[in-house]
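Now for the letters of each chain:
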Amino acid sequence: MFKSDVYVKRRDELRRKMKTGLALFIGNIESPMNYPANTYHYRQDSDFLYFFGLDLPGFAGLMDFDSGKDKIFGNDVDMDDIIWMGPQPTVKELALKCGVTSTAPLAKLEESIKEAVSKRRNVHFLPPYRGETKMTLGSIFKENPCQMKTLASTDLIKAVISMRSIKDKSEISEIEKAIEIAYDMHTTAMKMCKPGVKEQDIFGTIEGIALAKGGGTSFPVILSINGQTLHNHAHGNILQKGKMMVTDAGAETNMHYSSDITRTTPVGGKFSSLQKDIYEIVLQTNTEAIKATRPGISNRDLHLMACKNMTIGLKELGLMKGNTDEAVAAGAHALFMPHGLGHMMGLDVHDMEALGENYIGYDTEVKRSDQFGLAFLRFALPYKPGHVFTIEPGCYFIPELIEMWKSENRFKEFINYSKIEKYMSIGGIRIEDNVLITEKGHKLLGKPIPKTVKEIETICM
Ligand code: GLY
């Protein structure tokens with residue numbers, strides 16, 4: 001974890017923003033996989049990590065904005081625990097690591113909340129996303145656990161988002177470390193991308209790299225020669241020449257900051273001219289979007305610019321036609337790129353998504369579109385220095401979607417359905433990088449991972 005003063009300063013800033021009441025942060029507990037003692041890989045809650053840093057199950061943090069006092073609730077281990085887990089620091093020792101001097105056993109938490117509620121004090125909490133946390137909150141507040149999300153504090157959500165959205169230098173350095181790990185994952189995947197290799201072999205190898213070098217993957221690895229399925233988690237195919245392998249994978253550092261990179265590699269390491277046609281369009285869309293990234297421009301405008309670039313490229317190949325601006329305004333390009341250009345990234349790979357995407361990426365003035373494609377854009381607001389975003393354009397040939405639009409004659413003024421068949425074997429191509437918004441422009445984070453045709457062909461040799 002960072003030094004204790006980092007957490008003290010973060011809590012002081014939250015106190016200044018919130019002014020009054022209390023805030024309860026429930027850390028994650030272990031989650032059973034198939035029987036109670038056989039648990040999933042443990043992942044602490046990111047808000048708890050941000051304000052208290054303790055990466056262990058079974059803790060809660062309570063901030064009293066009026067008295068200025070913070071408290072950690074948790075249980076010291078007993079002899080049974082020591083026998084199975086070895087000696088552990090006391091709760092007091094752990095709390096000091098994040099600058100908290102007051103502690104109490106977990107059993108006292110309900111009492112503290114009850115006392116605050118009886119005095120009609122406001123107890124803020126963030127939307128729970130795990131069943132266990134919903135149950136704990138439901139039990140503490142004597143409410144239906146299923147309703148706890150709706151009772152979360154909008155003021156606390158907004159205050160936390162305003163803080164976590166802006167990354168400081170030490171956070172950026174962690175994110176760059178996570179990209180270093182992703183470099184190894186992706187270059188390994190490229191070298192293994194040969195006919196006859198099973199996707200599962202590559203998947204397992206790069207997941208192993210994430211575990212060996214950091215805190216594991218930042219989300220379940222997407223790796224497939226069927227890249228037209230945007231989040232393809234099935235890894236059962238054998239690689240065949242003529243196909244392209246989409247690898248969308250990132251790592252967490254030991255402090256849980258993420259990376260999220262996508263590369264697309266031709267099986268066998270050499271692009272055919274058909275593959276190159278589409279690849280170069282996506283690559284140019286990626287690089288032009290990165291070049292244009294700067295404070296003040298909105299992620300929605302950058303997304304639309306990327307959609308226009310993609311449309312121009314597809315028109316040159318004869319896959320699209322008509323007026324580019326009109327095609328993009330109508331949403332015709334979404335046949336080929338039905339997702340948003342990117343999302344915020346930090347302690348969560350989709351940063352703070354648990355707090356509610358519309359609080360992060362939209363506001364009272366900027367509303368989410370309901371147009372197919374644009375509706376999936378996770379963030380539409382202007383960039384600010386300190387934001388970290390993914391830039392991830394993609395071009396896909398989704399047979400079911402193409403079939404449906406074609407049968408409806410949808411956007412026939414913008415789409416040449418007869419030309420699409422030739423490109424169906426491409427499946428999907430996505431190219432994703434991670435970018436920091438700086439005062440003057442942007443910085444492409446991490447060691448550059450091969451992405452031009454030449455760079456990929458060279459590493460695959
Ligand atoms: N890279 C996976 C995602 O953004 O959902």
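Up top is the structure.
Worth saying up front: this structure is predicted, and the values here are computed from it rather than measured.

Draft legend 1. The overall build of the chain, seen in detail. The secondary structure content of the chain amounts to 16 helices and 15 strands. The C-alpha radius of gyration of the chain comes to 24 Å, within 12% of the 23 Å expected for a compact globule of 461 residues. Considering only C-alpha atoms, the chain reaches an extent of 70 × 50 × 40 Å along its principal axes. For the chain, the proportion of its 461 residues judged to be buried stands at 54%. Accessible surface, the chain: about 20,300 Å² in total, of which carbon and sulfur atoms supply 54%. Here the chain contributes 57 positively and 58 negatively charged side chains, and the mean placements of these two sets differ by 3 Å.

Draft legend 2. Representation of the sheet that holds strand β15 (residues 442–444) within the structure. Pairing within the open sheet is antiparallel, and its three strands lie in the order β11-β14-β15. The sheet terminates laterally at β11 (388–391) and β15, the two strands that pair on one side only. Going from strand to strand, the sheet's axes swing by 30 degrees on average, the running direction of each strand aside. In the sheet, strand β14 (residues 433–437) pairs with β15 via three bridges, with the strands oriented antiparallel. Bridge pairing links Val435 to Leu444 in β15.

Draft legend 3. Local environment of the site of the ligand. Every residue near the ligand is listed here: Phe219, His231, Asp248, Asp260, His343, His350, Glu392 and Glu432. In this structure, His231 approaches the ligand through a side-chain N or O atom, which is 3.0 Å from an oxygen atom. The contact in question runs from a nitrogen atom of the ligand to an N or O atom on the side chain of Asp260, over 2.8 Å. For the ligand, whose unbound accessible area comes to 200 Å², protein coverage reaches 94%. Classifying every residue of the shell around the ligand gives one nonpolar, three polar and four charged.

Draft legend 4. Structural view of the packing of aromatic side chains. Tallying each qualifying case throughout the model produces 16 aromatic pairs. Clustering of aromatic rings is evident, with ring pairs tying together Phe25, Phe48, Tyr50, Phe51 and Phe52. The lysine or arginine in question, Arg10, covers the ring of Tyr50, its NZ or CZ lying 4.0 Å from the ring centre. Directly above the aromatic system of Tyr183 lies the positively charged group of Lys447, at a separation of 4.1 Å from the ring centroid.

Parameters at a glance
Residues numbered from 1 in each chain as written. Predicted model: local features only at pLDDT ≥ 70, side-chain atom pairs only at ≥ 80, totals over all residues. Heavy atoms only, no water. Helix = DSSP H or I, 4+ residues; strand = E, 2+ residues; numbered from the N terminus. Rg over C-alpha atoms; globule rule 2.2 N^0.38 Å. Buried < 20%, exposed > 50% of the residue type's maximum accessible area, 1.4 Å probe, protein only. Areas by Shrake-Rupley, 256 points an atom, 1.4 Å probe, with all protein chains shown as cover. Lys, Arg positive; Asp, Glu negative; His and termini not counted. Charge placed at Lys NZ, Arg CZ, Asp CG, Glu CD. Pairing = 2+ DSSP bridges. Axes fitted to C-alpha atoms, helices over the stretch in contact; angles between N-to-C directions. Near = heavy atom within 4 Å. Polar contact = N/O pair within 3.5 Å; in protein donor to acceptor, adjacent residues only side chain to side chain. Nonpolar A, V, L, I, M, F, W, Y, C, P; charged D, E, K, R; others polar. Phe/Tyr/Trp six-rings, centres within 6.5 Å; stacked < 30°, edge-to-face > 60°. Lys NZ or Arg CZ within 6 Å of the ring centre and 35° of its normal.

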